[in-house]
Amino acid sequence: AQAVERPSQGCASARARLSAEAFAAMPPMTLLKLEPEDVLDFSKSSTATSQNSRTLKVINNSSGHVAFKVKTTAPRAYLVRPSSGTLRPRQDQEVHIILMPNDVSTNAHRFLVQAVAVPNEKPLSRDDWTKFDKDALQEHRLNVVLEGEGEDKPGIKADAGHGTSATEARAATGGSEG
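Residues numbered from 1 in each chain as written. Predicted model: local features only at pLDDT ≥ 70, side-chain atom pairs only at ≥ 80, totals over all residues. Heavy atoms only, no water.

## Concerning the sheet that holds strand 5 (residues 78-81)
Across a sheet, paired strands are connected by hydrogen bonds in the backbone, their directions being either parallel or antiparallel.
Step number 1: The strand order across the open sheet formed by four strands is 1-3-7-5, and the pairing between neighbours is antiparallel. Two strands in the sheet have a free side with no partner beyond their single neighbour: strand 1 (32-35) and strand 5. Taking the axes of each pair of neighbouring strands and ignoring which way they run, one obtains an average angle of 20° across the sheet.
Step number 2: Note: strand 3 (residues 53-60) against strand 7 (residues 92-99), seven bridges, orientation antiparallel. Directly across from Val58, in strand 7, lies its bridge partner Gln93. (Pairing = 2+ DSSP bridges. Helix = DSSP H or I, 4+ residues; strand = E, 2+ residues; numbered from the N terminus. Axes fitted to C-alpha atoms, helices over the stretch in contact; angles between N-to-C directions.)

## Examining the environment of Arg90
Step number 1: As for its position among the elements, Arg90 is in the loop between strand 6 (84-87) and strand 7.
Step number 2: A residue is classified by how much of its surface remains accessible, and Arg90, at 54% relative accessible area, is exposed.
Step number 3: It is 8.3 Å that separates the C-alpha atoms of Arg90 and Gly64, two residues lying 26 residues apart in sequence. (Buried < 20%, exposed > 50% of the residue type's maximum accessible area, 1.4 Å probe, protein only.)

## What about unusual backbone geometry?
Negative phi values dominate among residues other than glycine, just as trans dominates among peptide bonds.
Step number 1: Backbone torsion omega between Glu35 and Pro36 reads 0°, so that peptide bond is classified as cis.
Step number 2: Within the secondary structure, Pro36 is located in the loop between strand 1 and strand 2 (39-43).
Step number 3: In this structure, Pro82 follows Arg81 across a cis peptide bond, with omega equal to -10°.
Step number 4: Backbone geometry at Arg90 places phi at a positive 65°, although glycine is not the residue there.

## Considering the nonpolar core
Step number 1: By size, the foremost hydrophobic cluster in this structure holds 25 residues, and its most contacted members are Leu32, Leu56, Tyr78, Ile97 and Phe111.
Step number 2: Among the secondary structure elements, those contributing two or more residues to this core are strand 1, strand 2, strand 3, strand 4 (65-72), strand 5, strand 7, strand 8 (110-118) and strand 9 (138-147).
Step number 3: Among residues more than four places away in sequence, those in contact with Ile97 are Leu40, Phe42, Asn52, Ser53, Arg54, Leu56, Tyr78, Leu79, Val80 and Phe111. (Core = buried A, V, L, I, M, F, W, Y, C linked by side-chain atoms within 4.5 Å. Contact = heavy atoms within 4.5 Å.)

## Some details on the packing of aromatic side chains
For any pair of aromatic rings, the description consists of the separation of the ring centres together with the inter-plane angle of the planes.
Step number 1: Counting across every chain of the model gives three aromatic pairs.
Step number 2: For the pair Tyr78 and Phe111, a centre-to-centre distance of 4.9 Å together with 70° between the ring planes defines the contact as edge-to-face. Of the two residues, Tyr78 sits in strand 5 while Phe111 sits in strand 8, which places them 33 residues apart along the sequence. Like Tyr78, the residue Phe111 is buried in the burial classification.
Step number 3: By way of ring pairs, the aromatic residues Phe42, Tyr78 and Phe111 are connected into one cluster. (Phe/Tyr/Trp six-rings, centres within 6.5 Å; stacked < 30°, edge-to-face > 60°.)

## Here we look at the pattern of salt bridges
Step number 1: Throughout the structure, instances matching the rule amount to three salt bridges.
Step number 2: Two residues, Arg88 and Glu121, come together in a salt bridge whose shortest N-O distance is 3.7 Å. Residue Arg88 is located in the loop between strand 6 and strand 7, and its partner Glu121 is located in the loop between strand 8 and helix 2 (126-130); the two are separated by 33 residues in the primary sequence.
Step number 3: Here Glu121 falls in the partly exposed class, since its relative accessible area comes to 43%. (Salt bridge = Lys/Arg side-chain N within 4 Å of Asp/Glu carboxyl O.)

## Here's the deal with the sheet that holds strand 6
Step number 1: Ordered in space as 2-9-8-4-6, the five strands form an open sheet in which the pairing is mixed. Edge positions in the open sheet fall to strand 2 and strand 6, since each of these has one partner strand only. Here the strands of the sheet are splayed against their neighbours by 20° on average, with no regard to which way each runs.
Step number 2: For strand 4 and strand 6, the ladder comprises four bridges, and the chain directions are antiparallel. Looking at strand 6, one finds that Phe68 is bridged to Gly85.

Have a look at this one:
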């Protein structure tokens, strides 16, 4: 049996503190409900497209219009369609996420869903998103678990984060829109 390398307690507790601080600074996602809520599971060993494709259901929980955007830390590794949209009250949208076959690793891949209340169902441009005050945005992170990436390594689940600042999100995703 091979030993599984574990992060030191110091690093884990520092990450937990940073995660808790980011969570405290960001309001929870109330505009949208996401299904699944925290983790997207993919299978690296399967060649079947269905195993490398997941559906994220985005549901407008509010009585007003809500714009959303799905971003990733690895934009070349995933095809996300649609990566943004505007939902009417109580409307839902299926977002299809496909892991591209040429990607070699999902170390620390994450998705970030951003949401903002808007006055109508007009789609937002990239420029429109930059005009929102970061306090108006709600954000939720989804982690990626890749089954079959390495026989001696179990799937890694990072802390399920419920929010980061918009600035941190842009930095983490390189400003990508998915």
